[in-house]
Amino acid sequence: MITIQSQQADSILEKLKRAGFDQAEVILTASDMTEMQVDAGEVSLMRNTEDLDITLRGLLGGRYAMVNLNQLDDESLNRSIEKLKGAAESAPVDEARAFAPKQAGAKPIDEGPKQPSLETMYDRMAGFVEVTSAKFPTLKLEQSGVQFRRSHFLRKNTLGLELDESDGHYSMSVMFSSKEGDKTSSFNFAGAIAHDLEKDFMKWGSVERLIANSVKEVHHQPFEGKFKGTVVLTPDCVYDLMGTWFSHLRDDRMISGTSQLRGKIGEQVASPLLTIRVEPFAKEFAAHEHSTGDGYLTEPSTLIENGVLKSYMLTDYGARKTGLPRAVNSGSNRVIEPGKDSLEAMIQSTKRGLLMGRFSGGSPAANGDFSGVAKNSFLIENGQVTKPVSEVMISGNAFELMRSISAISEERVNDGGTLTPWVKVEGLTVAGAN
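The following paragraphs examine the structure supplied in this document. (Residues numbered from 1 in each chain as written. Predicted model: local features only at pLDDT ≥ 70, side-chain atom pairs only at ≥ 80, totals over all residues. Heavy atoms only, no water.)

### Section: the layout of surface pockets
A volume near 400 Å³ is recorded for the largest pocket. Mapped by element, the contributors of at least two residues to the lining of the largest pocket are β8 (188–194) and α5 (238–247). Looking at side-chain class alone, the lining of the largest pocket contains 8 nonpolar, 7 polar and 4 charged residues. Of the pockets and cavities examined, the second largest pocket occupies roughly 340 Å³. In this structure, the second largest pocket is lined by 18 residues; those nearest its centre are I193, A194, K199, E284 and N414. (1 Å grid on protein atoms, 1.4 Å probe; cavity = no way out; pocket = protein on both sides within 12 Å on 5 of 7 lines; lining within 4 Å. Points joined across faces, edges and corners; volume = space filled by probe spheres on them. Helix = DSSP H or I, 4+ residues; strand = E, 2+ residues; numbered from the N terminus. Nonpolar A, V, L, I, M, F, W, Y, C, P; charged D, E, K, R; others polar.)

Put into C-alpha cells, the structure is as follows:
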C-alpha cells in the first residue's frame, strides 16, 4: 500500500501557510484493494489496485475553498495550492466556515486485518458460486465479487488537529436475477462487510434471503387494483423510505429553512415503537465511524427514542449556520432497536398488504410526499405472503410514514455497518402501474 506519513501532511501545511491561508487542512487517504470477481459462473479475475486521495482545504479572509488531487509531487501540489488560493479569493465570505480544533483524546486507530487471505477469499467465492448453482439453478449471477480493502486516513490542520485511522475489512457484493424459459425476475443486489471470512457468503447480511426470493420472483404477476394500507418494509429498503425524513435533519434543509423537523427536538415525531441510535463503536460492525466528515471524534447518540426526536444531524458548518447543536457523529452506524413482534407475526396480522423488497423513486417533494416503484415485492393476503408482483406503484408521505409504524420485528439484519429490522407501516397507497 502507498505509505503516507505525518511529516508529509506537515510539509503540505507549511506550503499552505506560506501561500497565505489563515487556516489550512490536509487529508491524505491511501488505500489498497484486492478484488476477485465472478464471470460466467467462474472466479475469473483477481486484481490489486492502490489509490491515493489528497484533499486540501483553506480559509482566507473568511473565504473557504477545497481541491482534490491524487499526486504528492511538488509540481502537482504547487499547482493545486494555486488553484485552491484562486478558488478561495473568488469565494463569498462565510463566517460559519471553520476547521475542527485539536481533539482531546485523539489517538491512532488501527482496526481489522492488515493483509487479505487470498486462499480463503477464493474458497469463499468459489463455494458461493457452487452453492448458488446447485441450490438455485435458475439464478444468474452478475457483477459479483469479494474485495479486501486496507486504508490509511490521516488528517491534520493548522489548529493542531491530527487524526490517524487505519482499517482493513472484507466486502462482498452480488447482483443477480433469475430466469426460467422466457420469464425473468427483476434484478436485485446484496452485500455486506466483515472483518473476517469465517462465515459463508450466503450468511452475510440479506444475501441468502434475497437470492431465494429472486427465484420466486420469476413468476411475478402485474399488480392490479389499488388500496391504501399496510406495507412491510424489508431491512433492505427501510432507509430508502426513511431517507426523505432523515434529509430534514441535515444541513441543506435545516440551513434553507425548509426542514419540517426544525424546532421539533423533544417532540413526538414518529411512532412510539421507533427508537434509532447511532453506535459508532458497536462490536457487531466491521466498519466504524471514528471521526466525522468535518474532523470531530465521534460519540454514540440517539436520533429518535420511542418516537421522540432527540437530535439533529448537523455538521459543524450546519450548526454554525443555524445556531443549533452540532451532531456528535455523521449517522453512519445506525441501529434500529428491535420490536416485540416476530416477522411471522407481523405477516400473520396483515389481511392485505405488500412485502416490499426494494424502492425505486425520484426526488421527494419538500413536504415529504414521495412516489415510486416497489421492486422485488410480494403480495400479503390473509396473513400469508403469496405471489410476487410487478408494476407496483407506492406513494405516501415520509412524515406520515414515520408516525404510522405499527410493528417492528424482533429479527434484524446486520450488513456490517447498520442493524435494521423489518418495519410495518400503514396508510401507504399501493396501486397498479396502469
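### Points about the nonpolar core
Ranked by internal contacts, the top residues of the largest apolar core, which has 45 residues, are M242, W245, L274, M356 and I394. Counting residues per element, this core draws most heavily on α5, at 6 residues. Sequence-distant contacts of M356, that is, excluding residues within four places in its chain, are made with V231, V232, L233, T234, C237, L241, A374, N376, S377 and I394. (Core = buried A, V, L, I, M, F, W, Y, C linked by side-chain atoms within 4.5 Å. Buried < 20%, exposed > 50% of the residue type's maximum accessible area, 1.4 Å probe, protein only. Contact = heavy atoms within 4.5 Å.)

### With respect to the pattern of salt bridges
In a structure, side chains of opposite charge can pair up when their charged atoms sit close to one another. For the coordinates displayed, the defined rule picks out 20 salt bridges. The partner of R47 in a salt bridge is E35, with the nearest N and O atoms 2.7 Å apart. Of this pair, R47 sits in strand β2 (residues 42–60) while E35 sits in strand β1 (residues 23–39), and the two are 12 residues apart along the sequence. You can call R47 partly exposed: its relative accessible area is 39%. Given the relative accessible area of 7%, E35 is considered buried. A salt bridge links R209 to D236; the nearest nitrogen and oxygen atoms lie 2.9 Å apart. (Salt bridge = Lys/Arg side-chain N within 4 Å of Asp/Glu carboxyl O.)

### Observations regarding α5
Buried residues dominate α5, accounting for 7 of its 10 residues. Considered for burial, the residues of α5 that qualify are V238, Y239, L241, M242, T244, W245 and F246.

### Looking at a negative patch on the surface
On the surface, D341, E344, E410 and E411 cluster together into a patch of negative charge. Among the structural elements, D341 can be located in the loop between β14 (334–336) and α8 (343–348). (Patch = residues over 30% accessible without salt bridge, like charges linked within 9 Å, V, L, I, M, F, W, Y side chains within 5 Å. Areas by Shrake-Rupley, 256 points an atom, 1.4 Å probe, with all protein chains shown as cover. Lys, Arg positive; Asp, Glu negative; His and termini not counted. Charge placed at Lys NZ, Arg CZ, Asp CG, Glu CD.)

### Digging into the packing of aromatic side chains
The full count for this structure, using the stated rule, is 9 aromatic pairs. Note on F128 and F201: the rings are 6.4 Å apart at their centroids and 65 degrees apart in plane angle, and the pair reads as edge-to-face. You can see F128 sitting in helix α3 (residues 118–135) and its partner F201 sitting in the loop between β8 and α4 (207–217), a full 73 residues away along the chain. An angle of 85 degrees between the planes, with centres 5.0 Å apart, marks the rings of F201 and W204 as edge-to-face. Ring pairs connect the aromatic residues F128, F201 and W204, which therefore count as one cluster. Above the face of the Y317 ring, R97 is positioned so that its terminal group lies 3.9 Å from the ring centre. The positively charged end of R358 is found above the aromatic ring belonging to F187, 4.6 Å away from the centroid. (Phe/Tyr/Trp six-rings, centres within 6.5 Å; stacked < 30°, edge-to-face > 60°. Lys NZ or Arg CZ within 6 Å of the ring centre and 35° of its normal.)

### Describing α4
Inspection of α4 places V207, L210, I211, N213, S214 and E217 among the buried residues, and these make up the whole buried set. Buried residues in α4, looked at end-on, bunch into an arc of 160 degrees, giving them a common side. (Arc of directions from axis to C-beta.)

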